[in-house]
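Fold and geometry: a report
Residue strings, one per chain:
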Amino acid sequence: MLFRSKEGGRNRFEFFDPSMGSQLHERFRMEESMRRGLAKGAFHVHFQPQIDARTHTVLGMEALLRWDDPEMGSIAPTRFIPVAEETGLILELGEFVFREALGFNQSLQTEGLPQIRVAVNLSSVQMLDPRLIERIENCLALTGADPHFLEVEVTESVLLEGSDKTLATLLRMKELGITLALDDFGTGYSSLSYLHHFPFDILKIDQSFIQALSSAVPGRNLASTIIAMGKSLGMELVAEGVEHLEQAHFLLANGCNKAQGFLYGYPMSPEDFRAFFRLKLETDQ
Ligand code: C2E
Ligand code: CA
Ligand code: CA
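Not measured: the values here are computed from a predicted model.

1. Regarding the overall build of the protein chain
Within the protein chain, the regular secondary structure consists of 13 helices and nine strands. Reported as C-alpha extents along the three principal axes, the dimensions of the protein chain are approximately 60 × 45 × 35 Å. Counting only residues that meet the buried cut, the protein chain has 45% of its 285 residues in that class. Restricting to contacts in the protein chain with at least 6 residues of sequence separation, those with at least 24 account for 68%. Split by element, the accessible area of the protein chain, about 14,300 Å² in all, is 55% carbon and sulfur. Side-chain charges of the protein chain comprise 26 positive and 39 negative groups, with the mean position of each set lying 1 Å from the other.

2. Quick word on the pairing of strand β1 (residues 43-52)
Burial runs high along β1: eight of the 10 residues are buried. Examined bridge by bridge, β1 and strand β2 (residues 58-69) share nine bridges and lie antiparallel to one another. Bridge pairing in β2 places H44 opposite R66. Two successive antiparallel strands, β1 and β2, enclose a turn made up of five residues, where H56 displays a positive phi of approximately 65°.

3. Section: the pairing of strand β4 (residues 117-121)
Of the pairings in the sheet, the one linking β2 to β4 comprises four bridges and is parallel in character. The residue of β4 that forms the bridge with E62 is A119. Across four bridges, the pairing between β4 and strand β5 (residues 150-155) is parallel. Bridge assignment links V120 to a residue of β5, and that residue is V152.

4. Concerning the coordination of the calcium ion (ligand 3)
Taken together, D183 (OD), D184 (OD), E240 (OE) and E240 (OE) make up the protein donors of the calcium ion (ligand 3), found 2.2 to 2.7 Å from the metal. Every donor residue of the calcium ion (ligand 3) comes from the same chain, spaced as D-D-x55-E. A gap of 4.1 Å separates the calcium ion (ligand 3) and the calcium ion (ligand 2), which D183 links by coordinating each metal. Of this pair, D183 sits in strand β6 (residues 179-185) while E240 sits in the loop between β8 (236-239) and α12 (245-253), and the two are 57 residues apart along the sequence. A relative accessible area of 7% means that D183 is categorised as buried.

5. What about the environment of G255?
Note that G255 resides in the loop between α12 and β9 (258-259). Distance in space between the C-alpha atoms of G255 and I227 is 8.0 Å, their sequence separation being 28 residues.

6. Here we look at the nonpolar core
M34, F47, F80, M173, F200 and F273 are the most contacted members of the largest nonpolar core, which has 77 residues in total. Counting residues per element, this core draws most heavily on helix α4 (residues 89-110), which supplies 10 residues. Aside from chain neighbours lying at most four places away, what touches F80 is M30, M34, F43, L65, W67, I75 and L93.

7. Considering the side chain of S124
Looking at the element boundaries, S124 is found in helix α5 (residues 124-127). Discounting chain neighbours no more than four positions away, the residues touching S124 are E85, V158 and E161.

Definitions and limits used
- Counting of residues starts from 1 at the beginning of each chain's written sequence and follows it residue by residue.
- Labels follow written order: the first chain is A, the first ligand is 1, and so on.
- Local features are withheld for residues below a pLDDT of 70 in this predicted model, meaning they are given only at 70 or higher, and side-chain atom pairs are given and counted only at 80 or more; totals for whole chains, interfaces and linings count all residues.
- Calculated side-chain values reflect all of the structure's heavy atoms, with hydrogen atoms and water omitted.
- Comment: elements are numbered from the N terminus, with helices defined as DSSP H or I runs of at least four residues and strands as E runs of at least two.
- Each residue is placed in one exposure class: buried if its accessible area under a 1.4 Å probe, protein chains only, is under 20% of its type's maximum, exposed if it is over 50%, and partly exposed if it falls in between.
- Any pair of residues with heavy atoms lying within 4.5 Å of one another is described as a contacting pair.
- Working definition of accessibility: Shrake-Rupley area with a 1.4 Å probe, residue cover restricted to the visible protein chains.
- Just so you know, the count uses Lys and Arg for positive and Asp and Glu for negative, and it drops His and the chain ends.
- Throughout, a charge is located at the NZ atom of Lys, the CZ atom of Arg, the CG atom of Asp or the CD atom of Glu.
- A pair of strands is labelled paired if DSSP reports no fewer than 2 bridges between them.
- Each metal site lists N, O and S donors within 2.8 Å (3.2 Å for Na, K and Ca). With water left out of the atoms, a site can look as if it is missing ligands.
- By nonpolar core is meant a set of buried Ala, Val, Leu, Ile, Met, Phe, Trp, Tyr and Cys residues that side-chain atoms within 4.5 Å join together.

Okay, structure coming up:
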C-alpha cells in the first residue's frame, strides 16, 4: 500500500494486511465526507485571541478550522488536514477559511470594534498553488477587508518545499500589505541565516517550549534562548500554548509580551469571540 510504504521509508516491501485496507477505506470515507461537508456547511472557522500579556488587550486572532461531520462527529484538524492536502481539497477549504476570517474581521470593524489582525494558516499545498494570490485577492475584494489586517502563518516545512517560488509568493503577499508569521518556531531544521532570507514579521514560539517551562531549569533555558534568538532576528514574537500564569510571568520577564493560549482564551465561534472582545473592552475601561 502506497501510504504505508512511504511512511515506512524507502526500499521497504510490506505485505498487505487487513488493517491497511481499513486505513485506506477510512481515508476514502473521510475524503467523501469532506466533499459533502464543504457543500453542506459542515466546516466552521473558530477564532483564538492573541493577547498583550501586560495589558490584557486583544491584539489579534488566529482562524482555526473546525469540522463537524453528522456521522463521525467533530474531527480534529490534525486528522483531516493531511487528507485534505493529499486530495487537493485543502485549496477549496483554505479559500473558505480566508473568506470566513476576512469576513468576520471586517464585520467586527464595521461594528466599531478596534481594528485587529486575523491570522490564517497556510499549508504547503496552498503555497504551491499557482492561483493562491488570486484566491486571496478575491477574498479581500469579496469581503472588502484591508490586507493590512491579514496575517498569514506558515511553518518552516513550507519554506523547504519549492523555495524560490515560495519566496516569490511570500514577497508578493508582503507587497499586498499582508503580515507574515512563522508558525511553530524552533521545531524546524532551518538555520537562522536561512530564515533571514524570508520576509517574516512575526515568529510564533512553538507550544513545546512553553510547556517545557513547567519542567524546571533546562526548559527555562531553552525558552529564553528561543526568545533571544527571535529577538536577534528583529522580529515580533508571539508565545503559543500559554496555559498557566507562571508561564506568562516567565515570558513577560524575558521580554515576550504577546501570547496566545488557553490561559487567555480558547478558540471560539465568531459569536463567542465577539462577546469576549466586547467584554475585554468594557473591563479595560
Ligand atoms: P497551529 O497552527 O499550531 O494552531 C495552534 C493549535 O494549538 C490549535 O489547535 C489550538 O487550538 C491549539 N492551542 C491553542 N492554545 C493552546 C493551549 O494553551 N494549549 C494547548 N494544548 N493547545 C492550544 P487546532 O485548532 O486543533 O489546530 C491544529 C493544527 O491544525 C494547527 O496548528 C494548524 O497546523 C492546523 N490548522 C488548523 N486550522 C487550519 C487551517 O485553516 N488551515 C491549515 N492549513 N491548517 C490549519
Ligand atoms: Ca498557526
Ligand atoms: Ca503553532
